[in-house]
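Summary of the model geometry
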Amino acid sequence: AQTVTQSQPEMSVQEAETVTLSCTYDTSENNYYLFWYKQPPSRQMILVIRQEAYKQQNATENRFSVNFQKAAKSFSLKISDSQLGDTAMYFCAYVKETSGSRLTFGEGTQLTVNP
Amino acid sequence: KAGVTQTPRYLIKTRGQQVTLSCSPISGHRSVSWYQQTPGQGLQFLFEYFSETQRNKGNFPGRFSGRQFSNSRSEMNVSTLELGDSALYLCASSFTGGRYNEQFFGPGTRLTVL
């Protein structure tokens, strides 16, 4: 069975600084997708960034980028120029390419951006 | 395009009762998945429906069931409620859900069981 682990329950960062959230996963599959979702206090899950396992290039979306290490099964999220609106719970998630919509989530990391 | 909608947003029930939650996907989306979110267990997959058929099922007891209608709207039902069923129930829709399509989440239904 696939598992996703986030070892940092809570993190904090000063506004405008950079922070990295860690995620490791376990799978025997070769084709899969990895995601970072953000869940602010409103509880609305928002997709932050997505990485296809077959792509060696790390995904980037504006201030958000990932460091995808397939062999190490590591998938970290870097947030640059942190903003107060980035305060949220962040979830790392995995889905096997052929398993439809069945996402496996990590435990989450509560990120607080301080002014 | 309207997003995923879930009704009701909040619900209070007592042990032993049953409850039905509703999810309306984004127009054109045919796959609807349900997740349970609790502080203790985190986010767990319940089931996925595609074209009115259950395509995937998580490890939940038979008290949890669902269905999907021809317009892709989905309902999930929990019978004989237990205190541990108190949770945020999220649904997500995607276009086909086969080869991975991005899922869009609804705002959730907060269920409290007393």
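Here's what I pulled together on the structure shown here. (Residues numbered from 1 in each chain as written. Chains lettered and ligands numbered in written order. Predicted model: local features only at pLDDT ≥ 70, side-chain atom pairs only at ≥ 80, totals over all residues. Heavy atoms only, no water.)

1. Things to note about the sheet that holds strand E8 (residues 74–78) of chain B
Residues and elements named next belong to chain B. Reading across from one edge, E1-E3-E8-E7 is the order of the four strands in this open sheet, with antiparallel pairing throughout. Every interior strand has two partners, whereas the edge strands, strand E1 (5–7) and strand E7 (64–68), have only one. Neighbour-to-neighbour, the strand axes of the sheet open up by a mean angle of 20°, direction not taken into account. Bridge count between strand E3 (residues 19–24) and E8: five bridges; the pairing is antiparallel. From the neighbouring strand, cysteine 23 faces E8, where its bridge partner is serine 74. (Pairing = 2+ DSSP bridges. Helix = DSSP H or I, 4+ residues; strand = E, 2+ residues; numbered from the N terminus. Axes fitted to C-alpha atoms, helices over the stretch in contact; angles between N-to-C directions.)

2. Some details on the state of the cysteines
The final tally for this structure, using the stated rule, is two disulfides over all chains. Disulfide pairing is shown between cysteine 23 of chain A and cysteine 92 of chain A; the S-S distance is 2.0 Å. Its torsion about the S-S bond being -70°, the disulfide of cysteine 23 of chain A and cysteine 92 of chain A is classed as left-handed. Here the residue cysteine 23 of chain A occupies a position in the loop between strand E3 (19–21) and strand E4 (24–26), and cysteine 92 of chain A occupies one in strand E10 (residues 88–96), the gap between them amounting to 69 residues. Side by side, cysteine 23 of chain A and cysteine 92 of chain A carry an identical accessibility label, which is buried. With its sulfur 1.9 Å from that of its partner, cysteine 23 of chain B forms a disulfide with cysteine 91 of chain B. (Disulfide = S-S within 2.5 Å. Buried < 20%, exposed > 50% of the residue type's maximum accessible area, 1.4 Å probe, protein only.)

3. Some words on the pairing of strand E8 (residues 64–69) of chain A
All names here are of chain A. Alignment of strand E7 (residues 60–61) against E8, held across two bridges, turns out to be antiparallel. Within the sheet, the bridge partner assigned to threonine 60 lies in E8 and is serine 65. The hairpin turn running from E7 into E8, its antiparallel successor, is two residues long, and asparagine 62 in that turn takes a positive phi close to 55°. Here E8 hands over to strand E9 (residues 74–79) after four residues, with lysine 73 in that stretch at a positive phi of 55°.

4. Thoughts on the nonpolar core
Residues and elements named next belong to chain A. Tyr25, Trp36, Phe75, Leu77 and Tyr90 are the most contacted members of the largest nonpolar core, which totals 25 residues. If you list the elements that add at least two residues to this core, you get E3, strand E5 (32–39), strand E6 (46–52), E8, E9, E10 and strand E12 (109–114). Per-element tally for this core: the top contributor is E10, with four residues. Excluding residues that lie within four positions of it along the chain, leucine 77 makes contacts with Val19, Thr20, Leu21, Trp36, Ile49, Phe64, Ser65, Val66 and Tyr90. (Core = buried A, V, L, I, M, F, W, Y, C linked by side-chain atoms within 4.5 Å. Contact = heavy atoms within 4.5 Å.)

5. Some thoughts on the packing of aromatic side chains
For any pair of aromatic rings, the description consists of the separation of the ring centres together with the inter-plane angle of the planes. Scanning the entire structure with this criterion turns up 16 aromatic pairs over all chains. Summarising the aromatic geometry, the rings of tyrosine 32 of chain A and tyrosine 94 of chain A are spaced 5.3 Å apart at their centres and angled 35° between planes, so their arrangement reads as tilted. Taken together, the positions of tyrosine 32 of chain A in strand E5 and tyrosine 94 of chain A in strand E10 put the pair 62 residues apart, joining distant regions of the chain. Look at tyrosine 32 of chain A and you get buried, because its relative accessible area is 4%. Among the aromatic side chains, those forming a connected cluster through ring pairs are Tyr33, Phe35, Tyr37, Phe91 and Phe105 of chain A together with Tyr35, Phe45 and Phe105 of chain B. Geometry around phenylalanine 50 of chain B places arginine 55 of chain B over its ring, the cationic atom sitting 4.3 Å from the centre. (Phe/Tyr/Trp six-rings, centres within 6.5 Å; stacked < 30°, edge-to-face > 60°. Lys NZ or Arg CZ within 6 Å of the ring centre and 35° of its normal.)

6. A closer look at the interface of chain B and chain A
Of the residues lining the interface, 23 residues belong to chain B; the matching set on chain A comes to 18 residues. Between chain B and chain A, roughly 1800 Å² of surface is buried when both sides are summed, and carbon and sulfur atoms account for 50% of that area. If you look at where chain B meets chain A, you find zero salt bridges. On the surface where chain B and chain A come into contact, there are nine residue pairs in polar contact (both at pLDDT 80 or more). (Buried area = accessible area lost by both parts, 1.4 Å probe. Salt bridge = Lys/Arg side-chain N within 4 Å of Asp/Glu carboxyl O. Polar contact = N/O pair within 3.5 Å; in protein donor to acceptor, adjacent residues only side chain to side chain.)

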